[in-house]
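# Summary of the model geometry
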Amino acid sequence: AQTVTQSQPEMSVQEAETVTLSCTYDTSESDYYLFWYKQPPSRQMILVIRQEAYKQQNATENRFSVNFQKAAKSFSLKISDSQLGDAAMYFCAYRPTDYGGATNKLIFGTGTLLAVQP
Amino acid sequence: AAGVIQSPRHLIKEKRETATLKCYPIPRHDTVYWYQQGPGQDPQFLISFYEKMQSDKGSIPDRFSAQQFSDYHSELNMSSLELGDSALYFCASSLGGQGGKLFFGSGTQLSVL
């Protein structure tokens, strides 16, 4: 069974600084998706960034980028120029490739609570 | 753009009562997922439906049931509620071929007193 591990329960960063959140996963599949979701105090689940496993290039979305190491099964999130609004719980998640709805649920890690200090 | 709609946003019930949560997926999405997130926990997968048929089942108690209707909306029925059922319940939808993205609703906060 696939598993997702986030070893950092809490992290803290100064405003305008850079922080990296770690995530490892375990799967026997070769093709899959990886995601980072942000959950602010409102508890809305917001997609931050997505990586397709067959793509070697690391995904980037503005100040958010990932370091995807497929062989090591590692998928870290880097937040540059941190802002107060980045404070939230961040979940790493894994999902098998679309197979017409069967067994392609999203599997979450336990989350990393990020605090941003002014 | 249309998003996933969940109702109600908040629900307060007594122990042993019944609750029904509703989810309206994004139009033309073919798969609906239900997740339960307890306080300070990660979301746990409950059940999913693909084209109105149950496609996967997770840690859903026998007291809970769900279905997807002909208009693709889904309902999660919870009976004999327990204090431990207090949680945020998310619905998400997806469409095959859209790069794996799940789109989440805002959730229903269920409080069992």
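Going by the structure above, here's the rest.
Our subject in this report is the structure included herewith. (Residues numbered from 1 in each chain as written. Chains lettered and ligands numbered in written order. Predicted model: local features only at pLDDT ≥ 70, side-chain atom pairs only at ≥ 80, totals over all residues. Heavy atoms only, no water.)

### Notes on the nonpolar core
For the record, the criterion: Nine residue types can take part in a nonpolar core, namely buried Ala, Val, Leu, Ile, Met, Phe, Trp, Tyr and Cys, and a core is a set of them joined through side-chain atoms within 4.5 Å. Burial classes follow relative accessibility: with a 1.4 Å probe on protein chains only, a residue under 20% of its type's maximum area counts as buried, one over 50% as exposed, and anything between as partly exposed. Secondary structure follows DSSP: runs of H or I at least 4 residues long count as helices, runs of E at least 2 residues long count as strands, and numbering of each begins at the N terminus. The criterion used for residue contact is that any of the two residues' heavy atoms lie within 4.5 Å.
The biggest cluster of nonpolar side chains holds 26 residues, and the ones touching the most others in it are Tyr25, Trp36, Phe75, Leu77 and Tyr90 of chain A. Residue assignment for this core shows that the elements contributing at least two residues are β3 (19–21), β5 (32–39), β6 (46–52), β8 (64–69), β9 (74–79), β10 (88–96) and β12 (112–117) of chain A. The greatest single-element share of this core, amounting to four residues, is contributed by β10 of chain A. When neighbours within four sequence positions are excluded, Tyr25 of chain A is seen to be in contact with Thr3, Val4, Tyr32, Leu34, Phe68, Gln69, Lys70, Lys73, Ser74, Phe75 and Tyr94 of chain A. In this structure, Leu46, Phe64, Leu110 and Val112 of chain B belong to the second largest nonpolar core, which totals 22 residues.

### So, the state of the cysteines
Note the cut-off: The criterion for a disulfide is a pair of cysteine sulfur atoms lying within 2.5 Å.
Taken as a whole and judged by the stated rule, the model has two disulfides over all chains. A sulfur-sulfur distance of 2.0 Å marks the disulfide that ties Cys23 of chain A to Cys92 of chain A. Of note, the bridge from Cys23 of chain A to Cys92 of chain A carries an S-S torsion of about -70° and is left-handed in sense. On the criterion of sequence distance, the pair formed by Cys23 of chain A in the loop between β3 and β4 (24–26) and Cys92 of chain A in strand β10 is long-range, its members being 69 residues apart. Just as Cys23 of chain A is buried, Cys92 of chain A falls in that class too. Between the sulfur of Cys23 of chain B and that of Cys91 of chain B lies a disulfide, 1.8 Å long from S to S. The sign of the -55° torsion about the S-S bond sets the Cys23 of chain B-Cys91 of chain B disulfide as left-handed. Residue Cys23 of chain B is found in strand β3 (residues 19–24), and its partner Cys91 of chain B is found in strand β9 (residues 87–94); the two are separated by 68 residues along the sequence. Across the pair, exposure class does not vary: Cys23 of chain B and Cys91 of chain B are buried alike.

### Here's the deal with the pattern of salt bridges
Let me state the cut-off plainly: Throughout this description, the term salt bridge denotes a Lys or Arg side-chain nitrogen within 4 Å of a carboxyl oxygen of Asp or Glu.
Using the criterion set out here, one finds eight salt bridges over all chains in the structure. We note a salt bridge from Lys105 of chain A to Asp56 of chain B, for which the minimum N-O separation is 3.0 Å. Here the residue Lys105 of chain A occupies a position in the loop between β10 and β11 (107–108), and Asp56 of chain B occupies one in strand β6 (residues 53–57), the pair thus bridging two chains. A relative accessible area of 13% means that Asp56 of chain B is categorised as buried. Two residues, Lys22 of chain B and Glu75 of chain B, come together in a salt bridge whose shortest N-O distance is 4.0 Å. Here Glu75 of chain B lies in strand β8 (residues 74–78) and Lys22 of chain B lies in strand β3, a separation of 53 residues in the sequence.

### Thoughts on the interface of chain B and chain A
This is how it is decided: The buried area of a pairing is the accessible area, by a 1.4 Å probe, that goes missing from both parts when the two are put together, added over both. Here a polar contact means two N or O atoms within 3.5 Å. Within protein one must be a hydrogen donor candidate and the other an acceptor candidate, and residues neighboring in sequence count only if both atoms are side-chain atoms.
Taken together, the contacts link 27 residues of chain B with 22 residues of chain A. Contact between chain B and chain A buries roughly 1900 Å² in total, counting both sides, with carbon and sulfur atoms accounting for 52%. Remark: the boundary between chain B and chain A carries one salt bridge. In this structure, the connection of chain B to chain A is made through eight residue pairs in polar contact (both at pLDDT 80 or more). Only β4 (31–37), β5 (44–50), β6 and β9 of chain B provide two or more residues apiece to the side of chain B that touches chain A. Of the residues forming the side of chain B that touches chain A, the biggest block, four residues, is contributed by β4 of chain B.

Just distances and angles here, no functional claims.
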